[in-house]
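Architecture at a glance
Here is what each chain is made of, one letter per residue.
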There are 2 protein chains.
Amino acid sequence: MSDIHSDLYEKLVSSERIFEGKVINLRRDTVILPNDQTATREVVEHPGAVAVVPVTKEGNIILVRQFRHPVGQILLEVPAGKLDPGEPPENCALRELAEETGFTSNKLRHLTSMYTTPGFSNEIIHVYLAEDLVESDKQPDEDEFIHTEVFTPKQIKELITTGELCDSKSLVALCLAGI
Amino acid sequence: MSDIHSDLYEKLVSSERIFEGKVINLRRDTVILPNDQTATREVVEHPGAVAVVPVTKEGNIILVRQFRHPVGQILLEVPAGKLDPGEPPENCALRELAEETGFTSNKLRHLTSMYTTPGFSNEIIHVYLAEDLVESDKQPDEDEFIHTEVFTPKQIKELITTGELCDSKSLVALCLAGI
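Worth saying up front: this structure is predicted, and the values here are computed from it rather than measured. Per chain, residues are indexed from 1 in the order of the written sequence. Whichever chain is written first becomes A and whichever ligand is written first becomes 1, with later ones labelled in order. Local features are withheld for residues below a pLDDT of 70 in this predicted model, meaning they are given only at 70 or higher, and side-chain atom pairs are given and counted only at 80 or more; totals for whole chains, interfaces and linings count all residues. The side-chain values count all of the structure's non-hydrogen atoms but skip hydrogen atoms and water molecules.

**With respect to the relation of the copies chain B and chain A**
- Overlaying chain B on chain A yields an RMSD of 0.0 Å, the required transformation being a rotation through 180 degrees with an accompanying axial translation of 0.0 Å. Both copies of the chain, as the preceding transformation shows, are related through a two-fold rotation axis. When C-alpha distances to the rotation axis are compared across chain B, the minimum falls at Val172(B), with a value of 2.7 Å. Superposing copies: least-squares fit, C-alpha atoms only, residues required to have pLDDT of at least 70 in both.

**What about the domain arrangement of chain A?**
All names here are of chain A.
- Segmentation into domains, and thus their bounds, comes from an automatic or database assignment. According to the domain assignment, chain A consists of domain 1 (6-45) and domain 2 (49-176).
- Summarising the inter-unit geometry, the C-alpha centres of domain 1 and domain 2 are found 30 Å apart.
- Residues count as neighbours in contact if any of their non-hydrogen atoms are within 4.5 Å of one another. With five residues of domain 1 at the interface, the matching set in domain 2 holds four residues.
- Counted as salt bridges are all cases of a side-chain nitrogen of Lys or Arg within 4 Å of a carboxyl oxygen of Asp or Glu. Put simply, domain 1 and domain 2 have zero salt bridges between them.
- Side-chain atoms alone can form a polar contact between residues adjacent in sequence; in general such a contact is a pair of N or O atoms within 3.5 Å, and within protein one must be able to donate a hydrogen while the other accepts it. Taken together, the links from domain 1 to domain 2 amount to three residue pairs in polar contact (both at pLDDT 80 or more).
- Under the scheme applied here, ten amino acids are nonpolar (Ala, Val, Leu, Ile, Met, Phe, Trp, Tyr, Cys and Pro), four are charged (Asp, Glu, Lys and Arg), and all others, including Gly, are polar. By residue class, the composition of the side of domain 1 that touches domain 2 is three nonpolar, no polar and two charged.

**Looking at the interface of chain B and chain A**
- Contacts between chain B and chain A engage 65 residues on the former and 65 residues on the latter.
- Once two parts are joined, some of their accessible surface, as seen by a 1.4 Å probe, is lost; buried area is that loss totalled over both. Buried area between chain B and chain A, both sides added, is near 5,700 Å², and the carbon and sulfur share of it is 69%.
- Broken down residue by residue, the surface that chain B buries against chain A is led by Leu8(B), His69(B) and Phe145(B), which jointly contribute 13%.
- For the pair chain B and chain A, the number of links is zero salt bridges.
- Of all the secondary structure elements, the ones that give two or more residues to the side of chain B that touches chain A are strand 1 (11-20), strand 2 (25-32), strand 3 (38-45), strand 5 (61-68), strand 6 (73-77), strand 8 (103-115), strand 10 (146-151) and helix 3 (168-176) of chain B.
- In terms of residue class, the side of chain B that touches chain A is made up of 32 nonpolar, 18 polar and 15 charged. For helices the rule is a DSSP run of H or I covering at least 4 residues; for strands it is a run of E covering at least 2, with both sets numbered from the N terminus onward.

Right under this line is the structure:
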């Protein structure tokens with residue numbers, strides 16, 4: 001990082017554990033701001049995740065619908081899931097792809113890695129394009145409670161324009177995949 | 001929502017307040033899954049936010065650099081900020097634009113509204129394109145600790161390709177703005 005931004009840094013003073021959960025943890029940090037004042041920062045700790053854009057040989061895209069309790073809605077998303085402890089993101093991408101769609105990919109390409117909510121969480125999502133799909137031994141889990149659907153690129157564009165596709169990781173993944 | 005997805009819904013059983021913070025709250029809900037089993041869901045409550053793509057009359061884009069404590073890095077992002085209680089998103093967009101860049105916009109267009117992390121939070125971000133920029137009475141806050149920088153569309157594409165621009169709301173906003 002270049003020195004010209006050195007006046008932006010905050011300095012950690014102390015950290016308080018608030019909650020240890022199944023998916024996330026929460027802590028409250030105290031920091032010193034660039035103007036030497038003190039502030040608190042609430043930080044949601046997340047294990048990180050992957051998102052995958054699966055493209056069929058016809059050039060169509062497989063999406064999943066699932067109920068998202070925090071927003072109380074069924075959302076349309078690219079296949080995605082959390083990293084297991086120590087799991088390489090690429091392995092996780094292939095695992096989640098198989099679990100959610102029943103396919104694996106012979107051509108997986110990293111598109112980007114991004115922070116979803118850097119204001120209050122450390123969650124990072126590694127985004128992949130998955131082509132050359134072949135049926136996987138591992139079929140979708142019985143208890144995943146998702147529906148898969150195949151869309152043409154034109155349909156994807158419409159879903160984005162109308163706002164029906166409103167999950168940020170999916171929007172980034174589809175944009176960067178050039179859909 | 002169409003009936004064919006009715007087998008995806010979860011049903012709330014109970015809700016436990018864990019934490020009430022300055023920016024976020026945390027609760028833990030118990031739900032009944034579609035297979036009648038019980039599960040817990042950790043939910044980070046967030047007030048919602050806006051993100052704005054400010055385009056100058058030359059067709060360049062104003063971004064902000066700021067330190068993000070949860071990820072321990074200075075990130076390059078589009079101007080953005082949280083909704084005040086009851087604040088219309090469009091007002092918030094113009095307020096944050098002025099506070100962070102010193103400009104207001106005579107041509108604000110809604111691009112989309114999206115969920116940043118629907119797996120664990122209800123945060124929604126309303127995304128705007130801001131054109132016809134004029135100097136605002138309200139200049140950047142002294143204690144915002146941000147640097148603004150102007151980039152050409154070509155430079156933005158490079159920042160996305162290299163991964164230097166790695167904030168998901170900014171990636172969505174710039175993609176949907178057609179940058």
